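Residues per chain, in single letters:
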Amino acid sequence: MEKNKITGSEALLCALIAEGVECVFGYPGGQAIPIYDMLYDYRDKLRHVLVRHEQGATHAAQGYARVSGKVGVALVTSGPGATNTITGIADAMLDSTPMVVITGQVPSSLLGTDAFQEVDVIGITLPITKWAYQVRHAEDIAWAVSRAFYIASTGRPGPVVLDIAKDAQVGMVDYSYTPVDFIRSYQPWPDINRERIEKAAELINRAERPFALVGQGVILSGAEKELKRFLEKADIPAGSTMLGLSAMPSGYRLNKGMLGMHGNIGPNRKTNECDVLIAIGMRFAERVTGDLKTYAKQAKIIHLDVDNSEIDKNVKVDVKVLGDAKVSLREITKLLEPAKHEKWITSFAPDEEEEYEKVVKKEAYPEGDTYLRMGEIVRKVSEATGNRATLVTDVGQNQMMSVRYFKYSRTRSVVTSGGLGTMGFGLPASIGAKIGAPDRTICLFTGDGGLQMTLQELGTVMQEKLDIKIILLNNNYLGMVRQWQELFFNERYSYTEMENPDFVSIAKAFRIGAREIRKREELDDAIKEMLDYRGAYILVAHVENSGKVYPMVPAGGSITEMLY
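Rules behind the numbers
Residues numbered from 1 in each chain as written. Predicted model: local features only at pLDDT ≥ 70, side-chain atom pairs only at ≥ 80, totals over all residues. Heavy atoms only, no water. Helix = DSSP H or I, 4+ residues; strand = E, 2+ residues; numbered from the N terminus. Rg over C-alpha atoms; globule rule 2.2 N^0.38 Å. Buried < 20%, exposed > 50% of the residue type's maximum accessible area, 1.4 Å probe, protein only. Contact = heavy atoms within 4.5 Å. Areas by Shrake-Rupley, 256 points an atom, 1.4 Å probe, with all protein chains shown as cover. Lys, Arg positive; Asp, Glu negative; His and termini not counted. Charge placed at Lys NZ, Arg CZ, Asp CG, Glu CD. Patch = residues over 30% accessible without salt bridge, like charges linked within 9 Å, V, L, I, M, F, W, Y side chains within 5 Å. Salt bridge = Lys/Arg side-chain N within 4 Å of Asp/Glu carboxyl O. Phe/Tyr/Trp six-rings, centres within 6.5 Å; stacked < 30°, edge-to-face > 60°. Lys NZ or Arg CZ within 6 Å of the ring centre and 35° of its normal. Pairing = 2+ DSSP bridges. Axes fitted to C-alpha atoms, helices over the stretch in contact; angles between N-to-C directions. Core = buried A, V, L, I, M, F, W, Y, C linked by side-chain atoms within 4.5 Å. Parallel < 35°, antiparallel > 145°, perpendicular 65-115°, else oblique. Left-handed = near helix turned anticlockwise from the far one by under 90°. Nonpolar A, V, L, I, M, F, W, Y, C, P; charged D, E, K, R; others polar.

1. Description of the overall build of the protein chain
Then, number 1: Within the protein chain, the regular secondary structure consists of 24 helices and 20 strands.
Then, number 2: Over its C-alpha trace the protein chain gives a radius of gyration of 24 Å, about what one expects of a compact globule, namely 24 Å for 564 residues.
Then, number 3: Within the protein chain, the proportion of its 564 residues that are buried is 60%.
Then, number 4: Contacts in the protein chain between residues far apart in sequence, at least 24 positions, make up 77% of those at least 6 positions apart.
Then, number 5: Accessible area of the protein chain: about 22700 Å², with a carbon and sulfur share of 49%.
Then, number 6: Each charge sign in the protein chain was given a centre, from 66 positive and 72 negative side chains, and these centres are 3 Å apart.

Here it is as C-alpha cells:
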C-alpha cells in the first residue's frame, strides 16, 4: 500500500478496515477521543455501535464473533473504561472467542505517574489474553493491529488487548499495512503427526462401543462436514459439550445430546460404558467430567485438539492428536474402515426413554399444572421458529433449560457463556449476534437476575433498532443458586429471592414491544405475537419459582450419579 502521512488514530481505523472489520462496539472517553474524532469521518466505512457500558461492548463483540466467525472488536477509553472490559475478556479467553479490545491510554509521558484514569491495562489483562500490547508510538499501530488479529483468530482463538497511548493516537505516521501471516514464536497450527493419526484410526477400527465427545473446537475450525463424515463412516454416536451443541443438527441420528452436569442421561452414562472415547475440540472441563476418579476408566481415550496445553491436563489420554480439528478428522477418516454399531447405538434408547418419562415429560410437555414451566416455553419458542433461530442465553437455570430444550438445525446457533458463566452476558451478546447475523431470528432467553445486570443495554437495542426476541423466564429468584440452596444447603434461601420491577413498563420506556403472561393458555398466542412483532420484543413469562433443572450431577460426583 502506498505510504501517506496520517494520524495514529486514522492509521488504527485504516488497519481495522484492512482486516475486514465492519462493526466496532464501543463507548467513548477522554483517552480515546482522538480515535472517536476520526471515527466521525469514517462513519460510512465502519459501523460503530454505542453500548451503554464497556462490559456490554465486550459481550456484544463476543456475540458477533460467535455467530459470524469473524473477530469481534471493542473500543473503550482508559481507566474504568478499560477495567470494565475485564469480565468480557476473561469470558472470551475461557470460551475461545476471537476478540480484539482496544483501550485508550494516557500519554506515554504520564505512564507510571498515577495520572487521571491511568491503570496498568497490560498487567491486568496479560493472564486473560492471548496477547496484550501497549502502543506508545503511532508508527507501531498498523503493525500491532495486524499482529493482534492474526493471534486472536488463529489456532485456538481468543482475546487480544491493544492499549494505545494518547500521543500515539495523535502522532503522525507514514501509513502502510502488511497483514501478518507468520510470527516466529507462535505456531497456531501444529503439524499433524502421522503416527498418532494411524494409532487413533486403529483404536477406532477395533472399537465395539466407540463414543465421540464434540466440543466447540469443531465449530471454530469449521469442521462440521468433516465431523459428519467421520461419525458416519465408523457409525459413532456422539454427545456435545454445551458450546459444541450446534455442531450437529438436533435431529441427527448420531447426535445423542448434551454432556455434563445438566446434560442428557444417555451421553453421560455411555461415557462410562464405551470402549473408545474420542474427544474432539473440547477440554474435559469438570462440568463435563464430574469426578475424574470415576470418569471413563474403562475406555481408551483419543483427544483431538489444537491446543497442546489442554491434552493430558485433566484427563490422561491414550492417543494425543494435536492439530486443527478439520485436518485431524479428515486424516483419521481416510483410515477408518466402514463400520456398523447398531446394537451400541440402540442401547441409548432406554436412557432416552427414562429421561423423557422422569424429566422431559414434566418439564417440556407438562399437563395439568397451573404454572408455566421453563422447558415448555423454550420448546414452544424453538418450534415456532422452525428450529432455525439462533439461541442466546444468559446464565443460570434459564441457560440450562434453554440449551436442553432449544433445537438446532444449523451451526453457530448457540451463544452462551460457558467457562466463566457470566450473568449479564445474554442481552449484550444478543446485540452482537443480531448484528453479526442480521438474517437470523435471535432468541434471547434470560432470567430476572441476569437481565438486570446489563439491563441498560436495552438502550443500545433501542438506538440500533435491533429485532431481538427476549424471553424473560421470571421466577423472582436467583434460580440456580436457589436450587443449590434447596438441594445442598438445607433450604436456607440466603439472599436469592428478588423483588423485581415492572419489566413491561421498562420495555415500553425503551420503546420495545412487551407482554406479560402467567397462564399456559396464553403461551402460544404470546409467542406468535412476539415473533410477528417488527422490532425488539420482551416476553415476560412468570414461571414456577421453585423449579429445578434436571437431570443434575452434583458437583464433584460421578457423571453416572444423576439426580432426577
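2. Brief notes about a nonpolar patch on the surface
Then, number 1: A cluster of nonpolar side chains, contributed by Phe488, Phe489 and Leu563, occupies part of the molecular surface with about 260 Å² of accessible area.
Then, number 2: With respect to the helices, strands and loops of the structure, Phe489 is situated in the loop between helix 22 (479-488) and helix 23 (503-509).

3. Some words on the packing of aromatic side chains
Then, number 1: Per the counting criterion, the structure on display carries 14 aromatic pairs.
Then, number 2: Each ring, one from Tyr150 and one from Tyr186, has its centre 5.8 Å from the other, and the planes form 85 degrees; the classification is edge-to-face. Of this pair, Tyr150 sits in helix 7 (residues 141-153) while Tyr186 sits in the loop between strand 8 (172-175) and helix 9 (194-206); the two residues are 36 residues apart in sequence, bridging distant segments of the chain.
Then, number 3: Owing to a relative accessible area of 13%, Tyr150 belongs among the buried residues under this scheme.
Then, number 4: The ring of Trp131 is capped by Arg147, whose NZ or CZ atom sits 5.4 Å from the centre of that ring.
Then, number 5: The side chain of Lys270 reaches across the aromatic face of Phe348, ending 5.7 Å from its centre.

4. Remarks on the sheet that holds strand 2 (residues 23-26)
Then, number 1: Spatial ordering of the open sheet is given by 3-2-4-5-7-6, a layout of six strands whose pairing is parallel. Two strands in the sheet have a free side with no partner beyond their single neighbour: strand 3 (47-50) and strand 6 (131-135). Pairs of neighbouring strands in the sheet enclose a mean axial angle of 20 degrees, with direction left out of account.
Then, number 2: For strand 4 (residues 72-76) and strand 5 (residues 99-105), the ladder comprises five bridges, and the chain directions are parallel. Among the inter-strand pairings, Val73 is bridged to a residue of strand 5, identified as Val100.
Then, number 3: Against the sheet, helix 3 (residues 54-68) engages strand 2, strand 4 and strand 5, with an angle of about 165 degrees to strand 4.
Then, number 4: Where helix 7 meets the sheet, its contacts fall on strand 4, strand 5, strand 6 and strand 7 (159-165), and the angle it forms with strand 6 comes to roughly 170 degrees.

5. A short note on the nonpolar core
Then, number 1: In this structure, Phe25, Ile435, Leu458 and Val461 are the most contacted members of the largest nonpolar core, which totals 48 residues.
Then, number 2: Apart from the residues lying within four places of it in its own chain, the contact partners of Phe25 are Val49, Val51, Ala57, Ala60, Ala61, Tyr64, Val73, Ala74, Leu75, Gly432 and Ile435.
Then, number 3: Core analysis: the next-biggest nonpolar cluster, separate from the first, contains 42 residues, Met38, Leu39, Ile151 and Ala152 among them.

6. Notes on the packing of helix 17 (residues 374-384) against helix 18 (residues 397-405)
Then, number 1: With their axes 9 Å apart at the nearest point, helix 17 and helix 18 run at an angle of 45 degrees to one another. With respect to their mutual orientation, helix 17 and helix 18 come out oblique. The element helix 17 and its partner helix 18 pack so that their crossing is right-handed. Residue-level contacts link Met374, Gly375, Val378, Arg379 and Ser382 of helix 17 to Gln397, Asn398, Met401, Ser402 and Tyr405 of helix 18.
Then, number 2: The residue makeup of the contact of helix 17 with helix 18, split by class, is four nonpolar, five polar and one charged.

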